[in-house]
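A structural walkthrough
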Amino acid sequence: MTQAATGSEPDERVPGRRWTVRLDPVGRGSAEVRVSCSRPACAERRLPSAAAGRTAAFAHLTAHLRATPAPRADTYCACRADGCRAHLPDTGRHARTEQPWRCGGPVVLAVITDRAGRWWQALECCSRCAAATPGARTAAASSPSAPRTAGRPTPAVAGPGAGTPQFSDQQDTTPTGGPAPLSVPAPRPRPARRRPPEARVGRHVIPRDLRPVSLRDELTELGDLFRAYQKRPEPDLALLADLQERKARAFLTWSDVSCDVTLRLEAKRAEQAAAVIRRQHQHRTGCVPDGEEPGVARLLTGPAQWEYVRSVLAHVAGHTPLPGAEARLLVLMLTLRTAHSGTGNLVGQDVNALGLTDPEDLVERLTGCGWLSLPGTVGDLLASRPENPTPITVPSLVPGKDGTGPFTFGRKTRPKLSGWAQRVVSDKKLRKAKAPAGARLLAVTLATWTDDVGRLGPGGRGVTLDALTTRVPVDADELRDLIDRLTAADWLTDTALTDTHLTGRLTERVLPLTCPLPD
């Protein structure tokens with residue numbers, strides 16, 4: 001403690017150690033988090049997600065606890081200045097000289113965690129303060145020290161029986177004539193009275209006699225739901241906003257029933273928090289009111305365009321005339337160039353930039369089977385430049401007599417879809433890594449199979465391997481290699497490939513290229 005309980009303690013006791021590990025966001029519009037430690041020797045770290053940041057913060061604090069010596073028995077409580085419940089409040093009166101603070105028990109090393117999982121603090125304090133601190137856990141305890149008496153030396157250890165109480169009616173004599181202590185049975189332990197745990201919602205205790213019963217049940221359920229949300233590995237802003245709205249309504253009713261103004265203020269804060277969280281979710285998913293900038297500016301801006309892209313991928317998966325991932329990727333790009341009328345323009349760079357093993361041979365095979373029609377040779381196509389493009393025709397995409405084709409989007413939408421696919425396959429890091437055609441086809445496919453925040457599959461539950469190999473025709477070993485290539489190119493992160501599913505998420509860098517699945 002900063003002040004001594006007795007006259008001799010300032011020279012004998014030292015302040016307790018304390019340090020804090022924090023988890024803070026890097027900035028708005030980014031999923032990265034910053035892990036920092038109050039110890040000067042610890043450097044700051046940046047992690048790609050909140051889940052990774054919590055894991056790193058917990059590991060950092062655990063390493064400190066393992067390297068820290070045992071708590072010292074002659075320290076002050078490090079929690080005194082924080083308004084610990086085990087300390088007496090400062091009433092302005094003269095402090096009691098015999099015990100100004102209600103501390104006691106051995107000194108322990110306690111760990112306190114923020115309810116929202118944003119900071120972790122370790123400190124040396126007495127066991128009574130640790131027990132009075134909500135959520136505190138004891139990591140280690142000090143060895144009991146002998147009591148100090150001001151101005152008196154510590155007495156030496158006496159022989160057996162010294163210092164124990166003796167009673168004249170229960171004494172015996174030893175061979176030397178002195179009294180011998182008798183063994184006294186220990187008193188029976190008094191059974192502890194256990195009360196049912198108090199129901200809480202946040203910092204508020206829900207009275208057992210609160211009426212109506214439906215309000216008490218709603219508050220109890222809200223407390224359980226908030227505690228369950230804090231244990232989630234990933235945040236769900238939509239769910240959190242709903243919980244805050246329910247809390248605002250329940251606390252407003254509670255305030256009317258109990259005539260407590262503080263509950264009404266808490267309801268107002270919950271209502272404001274719900275609005276802020278809802279807006280964050282809208283910006284994160286791109287569903288913002290007209291006139292506002294979304295948090296993620298996607299290249300394809302609406303759900304209709306996302307569904308058009310998925311319809312083209314599904315059509316190509318069932319109508320590619322040649323096997324293999326390279327043929328599938330080339331057919332996809334040519335389909336997007338000719339989707340509206342069956343005709344379009346192509347230059348050599350469009351084909352050469354796809355990472356094909358032998359682009360000339362592949363184009364000749366497509367023309368040989370009749371799927372693609374060229375006015376000249378394949379060499380002329382590959383040598384053509386933007387100022388003199390080559391016209392191409394895909395007969396299967398030419399509209400029929402009724403004027404309809406396999407796709408429903410219009411003439412203005414087609415170049416947007418084609419430009420999106422070209423941006424994906426020609427991504428800077430994919431080009432720098434010289435990614436093969438299979439990796440680029442996998443990138444296009446996964447970009448259309450994410451949720452609002454980039455997690456793979458509906459609701460972030462992953463993509464089944466049966467559906468994935470239908471779109472990307474490769475075997476299991478080649479698929480694992482392609483996933484590793486996309487991870488190295490900062491396209492995928494947190495991936496896990498099992499016998500049935502691929503889970504993970506797209507990195508923050510490529511979120512503008514994603515086409516989220518419907519809820």
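Just so it is clear, the structure is predicted and the values come from calculations on it, not from any experiment.

The rules we used
- Residues numbered from 1 in each chain as written.
- Predicted model: local features only at pLDDT ≥ 70, side-chain atom pairs only at ≥ 80, totals over all residues.
- Heavy atoms only, no water.
- Helix = DSSP H or I, 4+ residues; strand = E, 2+ residues; numbered from the N terminus.
- Buried < 20%, exposed > 50% of the residue type's maximum accessible area, 1.4 Å probe, protein only.
- Contact = heavy atoms within 4.5 Å.
- Areas by Shrake-Rupley, 256 points an atom, 1.4 Å probe, with all protein chains shown as cover.
- Patch = residues over 30% accessible without salt bridge, like charges linked within 9 Å, V, L, I, M, F, W, Y side chains within 5 Å.
- Salt bridge = Lys/Arg side-chain N within 4 Å of Asp/Glu carboxyl O.
- Lys, Arg positive; Asp, Glu negative; His and termini not counted.
- Charge placed at Lys NZ, Arg CZ, Asp CG, Glu CD.
- Core = buried A, V, L, I, M, F, W, Y, C linked by side-chain atoms within 4.5 Å.
- Phe/Tyr/Trp six-rings, centres within 6.5 Å; stacked < 30°, edge-to-face > 60°.
- Axes fitted to C-alpha atoms, helices over the stretch in contact; angles between N-to-C directions.
- Parallel < 35°, antiparallel > 145°, perpendicular 65-115°, else oblique.
- Left-handed = near helix turned anticlockwise from the far one by under 90°.
- Nonpolar A, V, L, I, M, F, W, Y, C, P; charged D, E, K, R; others polar.
- Pairing = 2+ DSSP bridges.
- 1 Å grid on protein atoms, 1.4 Å probe; cavity = no way out; pocket = protein on both sides within 12 Å on 5 of 7 lines; lining within 4 Å.
- Points joined across faces, edges and corners; volume = space filled by probe spheres on them.

As a further point, take the overall build of the protein. Across its full length, the protein holds 15 helices and 15 strands. Across the 519 residues that make up the protein, the buried fraction comes to 38%. In the protein, 61% of the contacts between residues at least 6 apart in sequence involve partners at least 24 apart. Carbon and sulfur atoms make up 53% of the accessible area of the protein, which totals about 30,100 Å².

In this section: a negative patch on the surface. On the surface, a cluster of negative charge is made up of Asp-358, Glu-360, Asp-361 and Glu-364. Tracing the backbone shows Asp-358 in the loop between helix H8 (348–352) and helix H9 (359–368). What makes Asp-358 partly exposed here is its relative accessible area of 41%.

What follows deals with the nonpolar core. Counting residues in each nonpolar core, the largest one holds 70 residues, and the members touching the most others are Trp-420, Leu-468 and Trp-491. It is helix H7 (residues 325–338) that provides the largest number of residues to this core, a total of nine residues. Contacts of Leu-468, omitting those with residues within four sequence positions, involve Leu-442, Thr-445, Leu-446, Trp-449, Val-463, Leu-479 and Leu-502. Judged by nonpolar contacts, the second largest core, of 18 residues, contains Leu-215, Leu-222, Leu-240 and Trp-254.

Turning our eyes to something else, we now look at the packing of aromatic side chains. Tallied over the full model, the rule gives three aromatic pairs. Centre to centre, the rings of Phe-251 and Trp-254 are 5.4 Å apart; their planes meet at 65 degrees, and the pair counts as edge-to-face. On the criterion of helical spacing, the pair formed by Phe-251 and Trp-254 is a turn pair, its members being three residues apart in helix H4 (residues 237–258). Among the residues examined, Phe-251 registers a relative accessible area of 0% and is labelled buried.

Bringing the packing of H7 against H9 into the picture now. Viewed as axis vectors pointing N to C, H7 and H9 meet at an angle of 70 degrees, and their least axial separation amounts to 11 Å. With respect to their mutual orientation, H7 and H9 come out roughly perpendicular. The element H7 and its partner H9 pack so that their crossing is right-handed. For the pair H7 and H9, the contacting residues are Glu-326, Ala-327, Leu-330, Val-331 and Leu-334 in the first and Leu-362, Val-363 and Leu-366 in the second. Tallied by class, residues from the contact of H7 with H9 come to seven nonpolar, no polar and one charged.

Let's shift gears to the sheet that holds strand S14 (residues 492–497). Reading across the sheet, the three strands line up as S13-S15-S14 and stay open at both edges, with antiparallel pairing between neighbours. Every other strand in the sheet has two partners, leaving strand S13 (463–464) and S14 as the edge strands with one partner each. Bridging between S14 and strand S15 (residues 501–506) involves four bridges; their strand directions are antiparallel. Its bridge partner lying in S15, Leu-492 is registered against Leu-506. Packing against the sheet, helix H15 (residues 476–488) makes contact with S14 and S15, and its axis sits at approximately 160 degrees to S14.

In this section: empty space enclosed by the protein. One simple way to see leftover space: roll a probe sized like a water molecule over the atoms. A full pass over the atoms with the stated rule returns three cavities of 30 Å³ or more. The calculated volume of the largest cavity comes to roughly 60 Å³. Along the walls of the largest cavity sit Leu-330, Met-333, Leu-334, Arg-337, Leu-346, Asp-350, Val-351, Leu-354 and Gln-422, which together make up its complete lining. With four residues, the single largest contributor to the lining of the largest cavity is H7. Looking at the lining of the largest cavity residue by residue, the classes come out as six nonpolar, one polar and two charged.

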